[in-house]
Amino acid sequence: MKLGIVIYSNDPETVFNAFRLGVFSLGKGDSVRVFLLAKGVESETLDNKQFKVSEQMQSFVDANGEIFACGTCLKIRKSESSDMCPMSTLEDLHLIIEESDRVLTF
């Protein structure tokens, strides 16, 4: 299955679980792409004692998952893209939606 995940939350537990699902799905042989939108572009900075979001994101990438970060949303927050989360556009989001069998939002 091709799974698209859109993360627009900056709640550490929510984002952690979205990536945890992504890692699990990749382990089942699915193709998974994540698009970070709005507050979701803050994902790499959400670590706390209970939820190591950046570690879960790295596990996702290590399992061949792909992450895209909304360029407009990054600019609004005066943030930059990273190797793990390259700057992307709505064209990329549209492609994820178009090519996915299922799209989930968090």
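### Remarks on the overall build of the protein
Helix and strand content of the protein: four helices and five strands. Taken from the N to the C terminus, the helices and strands of the protein come in the order β-α-β-α-β-α-β-α-β. For 106 residues, the compact-globule estimate of 2.2 N^0.38 gives 13 Å, and the protein sits close to it at 12 Å. Its C-alpha atoms give the protein principal-axis dimensions of about 35 × 35 × 20 Å.

### Quick word on the sheet that holds strand β2 (residues 31-36)
Within the open sheet, the five strands sit side by side as β4-β3-β2-β1-β5. Their pairing is parallel. Every interior strand has two partners, whereas the edge strands, β4 (87-88) and β5 (102-105), have only one. Bridging between strand β1 (residues 2-7) and β2 involves six bridges; their strand directions are parallel. Note that in β2 the partner of Val6 across the bridge is Phe35.

### Observations concerning the pairing of β2
Of all six residues that make up β2, five are buried, and the element is covered over most of its length. The handedness of the β1 to β2 crossover, carried by helix α1 (residues 12-27), is right-handed. Taken together, the four bridges between β2 and strand β3 (residues 66-70) define a ladder with parallel strand orientation. Along β3, the bridge assignment pairs Leu36 with Ala69. As for the winding sense of the linkage, the β-α-β connection from β2 through helix α2 (residues 53-62) to β3 is right-handed.

Basis of the calculations
Residue positions are given per chain, counting from 1 as you read along its sequence in written order. Confidence filtering applies because this is a predicted model: local features only for residues at pLDDT of at least 70, side-chain atom pairs given and counted only at 80 or more, and all residues used for totals across whole chains, interfaces and linings. Heavy atoms from the whole structure form the basis of all side-chain values; hydrogens and water molecules are not counted. Counting from the N terminus, the helices are the DSSP runs of H or I reaching at least four residues and the strands are the DSSP runs of E reaching at least two. Radius of gyration: over C-alpha atoms. The globule rule applied is 2.2 Å multiplied by the number of residues raised to the 0.38 power. Strand pairing is assigned whenever DSSP detects at least two bridges linking the two strands. Working definition: with a 1.4 Å probe on protein chains only, accessible area under 20% of the residue-type maximum means buried, over 50% means exposed, and in between means partly exposed. For crossovers, right-handed means that the path from the first strand over the helix to the second runs clockwise, given strands pointing away from the viewer.

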